[in-house]
Amino acid sequence: MQFARINDVSIHYQLIGGPADKPVIVFVNSLGTDFRIWRDVIVRLAGDYGIIVYDKRGHGLSDVGQVPYSIEDHASDLAGLLELLAVKQAFICGLSVGGLIAQALYNARPDMVRGLILCDTAPKIGTAESWNARIETVAGKGIGSIVDGIMELWFTPAFRRPENTAYHGYCNMLVRQPLEGYLATCEAIRDADYTEAATKINVPTICIVGDQDGSTPPDLVKSMANLIPNARFEIIRDAGHIPCVEQPEALTAVIRAFIDFALHGEESP
């Protein structure tokens, strides 16, 4: 395991080296998960690109840090990690709140970003009312009280079959996130709005969404793609909010094709 001290927070990360002439892809996970959600995508990309995954503050094995914090604080952590690892001009692949962090990183440090892969996310996610209701419930009853409802947003009915052992594992992942970090990140999402900033993104960008995403539905992600100049839009079939879990092969193919297009102006074979 690899750890780095960034902004007075211990960040758990993994760096997988790639060919010197190929870019680095940074994966930023969603609310209530850790970087293991990317495993089935990473194993398909390892060796062809440099790869960085990490647990954002308040999640996984990283410190919670001082609360409250903002999406800009999350982005500052990522910028610090990339500086520490001497990574420049990376492709940033962010899922849900990870997509907000990717947008915030570009907004603050465009020099670090070669392209954006925005998965199941938006410039603004949810409403103050919806986030405040979730925060109140979780603060009073714990993360376990919302698991069933969250899983309906995250995964398709086919994945949520009782006999699917992996489904129970992802329920465990959510419940075992640090409560304080989960709540602080809910507040950060509630207060974030990158709608205006999205219109100024000037790097190759693709917006990707699962066709059954209950958290950031396809129409919302499509509207983000329409805001970003020249952004691409792709729907992953038979996937909910976390296509890297349900459809890793399809998501990996989209990522490869996009990076090839961004670098060379052509699709991969």
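Quick note: structure is the one above.
Worth saying up front: this structure is predicted, and the values here are computed from it rather than measured. (Residues numbered from 1 in each chain as written. Predicted model: local features only at pLDDT ≥ 70, side-chain atom pairs only at ≥ 80, totals over all residues. Heavy atoms only, no water.)

> How should the overall build of the protein be read in this particular structure?
When helices and strands are counted, the protein shows 11 helices and 8 strands. On C-alpha atoms alone, the protein measures out to a radius of gyration of 17 Å, which is about the 18 Å that the 2.2 N^0.38 rule sets for 269 residues. Looking at the protein as a whole, 53% of its 269 residues are labelled buried. Of the contacts formed within the protein by residues at least 6 apart in sequence, a portion of 74% connects residues at least 24 apart. Carbon together with sulfur atoms contributes 49% to the accessible area of the protein, which is approximately 11300 Å² in total. (Helix = DSSP H or I, 4+ residues; strand = E, 2+ residues; numbered from the N terminus. Rg over C-alpha atoms; globule rule 2.2 N^0.38 Å. Buried < 20%, exposed > 50% of the residue type's maximum accessible area, 1.4 Å probe, protein only. Contact = heavy atoms within 4.5 Å. Areas by Shrake-Rupley, 256 points an atom, 1.4 Å probe, with all protein chains shown as cover.)

> I keep staring at the packing of aromatic side chains and nothing clicks. Help me out?
How two aromatic rings sit relative to each other is set out by the distance from centre to centre and by the angle between their planes. Enumeration over the complete set of coordinates arrives at 7 aromatic pairs. Seen from their ring centres, W154 and F155 are 6.0 Å apart, and the 85° between their planes marks the pair as edge-to-face. In this structure an aromatic cluster arises from ring pairing among W154, F155, F159, Y167 and Y170. Across from the ring centre of Y69, 5.1 Å away, lies the NZ or CZ of R57, which sits over that ring. (Phe/Tyr/Trp six-rings, centres within 6.5 Å; stacked < 30°, edge-to-face > 60°. Lys NZ or Arg CZ within 6 Å of the ring centre and 35° of its normal.)

> Can you walk me through the pairing of strand β8 (residues 232-236) in this structure?
A regular strand carries its side chains on alternate faces of the sheet. In terms of strand pairing, strand β7 (residues 205-210) meets β8 through 5 bridges, oriented parallel. Residue pairing in the sheet places V209 in a bridge with I235 of β8. In this fold, β7 hands off to helix α9 (residues 218-227), which returns the chain to β8; that crossover is right-handed. (Pairing = 2+ DSSP bridges. Right-handed = clockwise from strand over helix to strand, strands pointing away.)

> How do you make sense of helix α7 (residues 179-191) when you look at a structure like this?
Here α7 is 13 residues long and its end C-alpha atoms lie 19 Å apart, about the 18 Å a rise of 1.5 Å per residue gives. In this structure, the buried side of α7 is in contact with α2 (71-84), α3 (97-108), α4 (128-141) and α6 (165-175). (Expected span 1.5 Å × (residues − 1).)

> What exactly am I supposed to notice about the nonpolar core here?
In a soluble, globular protein the nonpolar side chains are often hidden away together inside. Membership of the largest hydrophobic core comes to 94 residues, with the highest contact counts inside it found for V26, F27, W38, I71, I92 and I255. Tallying contributions element by element places α3 first for this core, with 7 residues. Excluding its chain neighbours within four sequence positions, the residues that come into contact with W38 are F27, V28, N29, V53, C93, L95, C244 and L251. (Core = buried A, V, L, I, M, F, W, Y, C linked by side-chain atoms within 4.5 Å.)

> Sorry, what's going on with the packing of α2 against α3 here?
Helix-helix packing is described using two parameters, namely the angle between the two axes and the distance between the axes. At their nearest, the axes of α2 and α3 sit 8 Å apart, and the two run at 70° to each other. Relative to α3, the element α2 lies roughly perpendicular. Two secondary-structure elements touch here, α2 through I71, H74, A75, L78, A79 and L82 and α3 through V97, L100, I101, A104 and L105. The residue makeup of the contact of α2 with α3, split by class, is 10 nonpolar, 1 polar and no charged. (Axes fitted to C-alpha atoms, helices over the stretch in contact; angles between N-to-C directions. Parallel < 35°, antiparallel > 145°, perpendicular 65-115°, else oblique. Nonpolar A, V, L, I, M, F, W, Y, C, P; charged D, E, K, R; others polar.)

> Got a minute to help me understand unusual backbone geometry in this structure?
Of all residues except glycine, most have a negative phi; of all peptide bonds, most are trans. In this structure, P68 follows V67 across a cis peptide bond, with omega equal to -5°. Note on placement: P68 falls in the loop between β4 (50-54) and α2.

> Help me understand the side chain of N164 in this model?
Mapped onto the elements of the fold, N164 is located in the loop between α5 (147-154) and α6. The buried category is assigned to N164, whose relative accessible area is 13%. At 2.7 Å, the side chain of N164 forms a polar contact with the backbone oxygen of F159. (Polar contact = N/O pair within 3.5 Å; in protein donor to acceptor, adjacent residues only side chain to side chain.)

> Would you mind going over the packing of α4 against α7 with me for this structure?
At a closest axis distance of 9 Å, the pairing of α4 and α7 adopts a crossing angle of 170°. Relative to α7, α4 is oriented roughly antiparallel. In this structure, α4 contributes A128, W131, N132, R134, I135, V138 and A139 to the contact, and α7 contributes L179, Y182, L183, C186, E187, I189 and R190. Its residues assigned to classes, the contact of α4 with α7 comprises 10 nonpolar, 1 polar and 3 charged.

> Please explain the environment of G142 as it appears in this structure.
Position of G142 among the secondary structure elements: in the loop between α4 and α5. Taking relative accessible area as the criterion, G142 reaches 19% and is therefore assigned buried. As a C-alpha pair, G142 and L179 span 37 residues in sequence and 7.3 Å in three-dimensional space.

Honestly, that's just the spatial picture; any functional story needs more than this.
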